[in-house]
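Inside the fold
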Amino acid sequence: MAVSTSPETPIPVGEVSRLIGGWIDRLGAVWVEGQITQLSRRPGAGVVFLTLRDPSYDISLSVTCYRQVFDKVADVISEGARVVVHAKPEWYAPRGQLSLRAAEIRPVGVGELLARLEQLKKSLAAEGLFAAERKKPLPFLPQLIGLVCGRASAAERDVLENARHRWPAVRFAVRNVPVQGVHAVPQVIAAVQELDALPEVDVIIVARGGGSVEDLLPFSDEQLVRAVSAAATPVVSAIGHEPDSPLLDLVADLRASTPTDAAKKVVPDVGEELARVRQLRDRALRAIDGILQREERGLAGALQRPCIQRPQRMVEEREEQVAALAARGRRTLGHLLDRADSELVHTLARVVALSPKATLERGYAVLQKPDGAAVRSPQEVGADEELRARVAEGEFRVRVDGVQGAVTPPA
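Summary of the structure given here. Treat the numbers as computed from the prediction; the structure is a model and nothing was measured.

As for the environment of Arg286
Relative to the assigned elements, Arg286 resides in helix α9 (residues 270-303). Residue class for Arg286 comes out exposed when judged on its relative accessible area of 55%. The sequence separation of Arg286 and Ala232 amounts to 54 residues, and the corresponding C-alpha distance is 43 Å.

Considering the packing of aromatic side chains
Two aromatic rings, taken as a pair, are described by how far apart their centres are and by the angle between their planes. Inspection of the entire model under this criterion finds zero aromatic pairs. Between the NZ or CZ atom of Arg101 and the centre of the ring of Tyr66, over which it lies, the distance is 5.0 Å.

Focus: the sheet that holds strand β1 (residues 30-40)
Within the closed barrel, the five strands sit side by side as β1-β2-β3-β5-β4. Their pairing is mixed. For this sheet the average axis-to-axis angle between neighbouring strands, irrespective of direction, equals 55°. With six bridges connecting them, β1 and strand β4 (residues 82-92) associate as antiparallel partners. Residue pairing in the sheet places Gln35 in a bridge with Arg82 of β4. Running at roughly 140° to β4, helix α1 (residues 13-25) makes contact with β4 and β5 (97-107) of the sheet.

What to know about the sheet that holds strand β12 (residues 386-391)
If you trace the three strands from one edge of the open sheet to the other, you get β11-β12-β13, paired in antiparallel fashion. Every other strand in the sheet has two partners, leaving β11 (366-368) and β13 (394-399) as the edge strands with one partner each. Neighbour to neighbour, the strand axes of the sheet diverge by 30° on average, direction disregarded. Across six bridges, the pairing between β12 and β13 is antiparallel. The partner of Ala389 across the bridge, within β13, is Phe396.

Side note on a nonpolar patch on the surface
On the surface, Val3, Ile11, Val16 and Trp23 cluster together to form a nonpolar patch covering roughly 300 Å² of accessible area. Locating Trp23 in the fold gives a position in helix α1.

Structural notes on the environment of Asp196
The residue Asp196 is located in helix α5 (residues 184-196) in this model. For Asp196, a relative accessible area of 22% translates into the label partly exposed. Each C-alpha atom of the pair Asp196 and Gln68 lies 49 Å from the other, and the pair is 128 residues apart in sequence. A polar contact of 2.8 Å, which involves the side chain of Asp196, links it to the side chain of Thr233.

Considerations on the nonpolar core
Counting residues in each nonpolar core, the largest one holds 30 residues, and the members touching the most others are Val148, Val188, Val206 and Phe219. When contributions to this core are tallied by element, the ones reaching two or more residues are α3 (110-126), β6 (144-149), α5, β8 (203-208), α6 (222-230), β9 (235-239) and α7 (247-251). Ranked by the residues each element gives to this core, the list is headed by α5, at six residues. In contact with Phe219, not counting residues within four places along its chain, are Val179, Val188, Val206, Arg208, Leu224, Ile239, Pro246, Leu247 and Leu248.

Rules used throughout
Residues numbered from 1 in each chain as written. Predicted model: local features only at pLDDT ≥ 70, side-chain atom pairs only at ≥ 80, totals over all residues. Heavy atoms only, no water. Helix = DSSP H or I, 4+ residues; strand = E, 2+ residues; numbered from the N terminus. Buried < 20%, exposed > 50% of the residue type's maximum accessible area, 1.4 Å probe, protein only. Phe/Tyr/Trp six-rings, centres within 6.5 Å; stacked < 30°, edge-to-face > 60°. Lys NZ or Arg CZ within 6 Å of the ring centre and 35° of its normal. Pairing = 2+ DSSP bridges. Axes fitted to C-alpha atoms, helices over the stretch in contact; angles between N-to-C directions. Contact = heavy atoms within 4.5 Å. Patch = residues over 30% accessible without salt bridge, like charges linked within 9 Å, V, L, I, M, F, W, Y side chains within 5 Å. Areas by Shrake-Rupley, 256 points an atom, 1.4 Å probe, with all protein chains shown as cover. Salt bridge = Lys/Arg side-chain N within 4 Å of Asp/Glu carboxyl O. Polar contact = N/O pair within 3.5 Å; in protein donor to acceptor, adjacent residues only side chain to side chain. Core = buried A, V, L, I, M, F, W, Y, C linked by side-chain atoms within 4.5 Å.

Read these as spatial facts, not as claims about activity.
What follows is the structure in structure tokens.
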């Protein structure tokens, strides 16, 4: 319950300490997991003092236990060991200190640690932190490489020497941090976040040499895994040796089997790249030379063609063809005109032979009435009727003397 206070009605420090102790007493005994960072066991003392620290956070609690409780596990635990403690929180009111009174201490075995790591691995995989589509590609030639490693460690030396041997101009931003123990996780996270915040850093390598399962536990910490997953800069994991596989390997954008392998995968070899450039240049020259030779052959073949050597020959050939076609056209047209002329002469002769004028020229005459109608029968005229007789050389008038019967033409 909250306590009502004011500047006019404050409560004493002792009362505040007493209230805090009452609230803590209500928590009861709890099981707590952590890593032992300090261990004080004075000869002859009946109480052992420990400091229990959370490996993922910078938080520690003091733990006290009776000697007989600690003696049960004294041979299997030491500073840096992970333990599970069954303890009751206690509040020391005179000094205002919180501590845990341990009734039982259990070491965390390797099998149990591996089982917990497997559970954490499945949980993080279900969130998609290890998905391939989250992996960021590494730059071809990083200008500045961030390196997180132990101070003066073999991992640092391997990465720097191999990288500079492959590309002497490569630059590094090195952050030396503890790579095992209780301070490893927060400092590695801080180093990764610091390098990730630098825009000139192109890739980050987290490197450490080999070690036991307990030594490599910081690189399977959930907070470190999430920090690497959230980094915008590509991260390369180079922890331990080939068989070692901390969770950092799964979340990193690239896993290297060793620190030396990380240098080889991140930094290209200048000799290999120069050889590759020479190969590409030679291929390009061969390709261009082949194209030029093919075009030269094609040009030479085109120049050998008759139409190119003597272009006017095409015109001359076409001129002969045009002349032949014109002559053929003239002959055809002449034949057509001659035939039409012959037909016209024959037609004219037939027309002349059949014309009335030709008949008149043979001595015949045509009798016409005054209205111009031709007389074809004696019955068409009457006595004394005046007619017009038309002959070949002209016409004259005649009078009908008498009308007789029709003349029967000779048989």
